[in-house]
Amino acid sequence: PIKTAVVAKGSGIKVPSAGTKVFTFKLTAKARKLFKDKKRKVRKRGKVRVKKVKGRKKLATKITINAGGSSSSRSLTVKRVGKVK
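These numbers come from a predicted model, not from an experiment.

Quick look at the overall build of the protein now. In terms of helices and strands, the protein carries 1 helix and 4 strands. For the protein, the succession of helices and strands along the chain, N to C, is α-β-β-β-β. At 18 Å, the protein has a C-alpha radius of gyration far larger than the 12 Å of a compact globule built from 85 residues. The C-alpha extent of the protein, read off along each of the three principal axes, is 65 × 25 × 20 Å.

Have a look at this one:
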């Protein structure tokens, strides 16, 4: 299910206090499978054809930040741009 899938993980990131930083994380295998296009076999008039099924374009996610023993969470949207390998 999508609700329990971990999209990405990261650790050891340092940000100065009252500062912002942009991060990029690698997708997990489950997330990659979710965003990837698939090919399905479809029977049409007795013949088996290959149909392209598009993967998810965007996904609402919840991130959790653990810092110094306290944790905070917020919601954001992960968008698919480009090909998913």
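What follows is about the packing of aromatic side chains. Geometry of an aromatic ring pair is reported as the spacing of the ring centres plus the angle between the planes. Overall, the coordinates contain 1 aromatic pair when judged by the stated rule. Ring geometry for F23 versus F25: centroids 6.1 Å apart, planes at 25 degrees, classification stacked.

One non-glycine residue, R45, lies in positive phi territory at about 50 degrees. Looking at the element boundaries, R45 is found in the loop between strand 1 (38-44) and strand 2 (47-53).

This part covers the pairing of strand 1. With respect to burial, strand 1 is a largely exposed element, only 0 of its 7 residues being buried. Examined bridge by bridge, strand 1 and strand 2 share 7 bridges and lie antiparallel to one another. Bridged to K38 within strand 2 is V53. A loop of 2 residues connects strand 1 with strand 2, the two strands running antiparallel in sequence, and R45 in this loop sits at a positive phi of about 50 degrees.

What counts and what doesn't
- Residues numbered from 1 in each chain as written.
- Predicted model: local features only at pLDDT ≥ 70, side-chain atom pairs only at ≥ 80, totals over all residues.
- Heavy atoms only, no water.
- Helix = DSSP H or I, 4+ residues; strand = E, 2+ residues; numbered from the N terminus.
- Rg over C-alpha atoms; globule rule 2.2 N^0.38 Å.
- Phe/Tyr/Trp six-rings, centres within 6.5 Å; stacked < 30°, edge-to-face > 60°.
- Buried < 20%, exposed > 50% of the residue type's maximum accessible area, 1.4 Å probe, protein only.
- Pairing = 2+ DSSP bridges.

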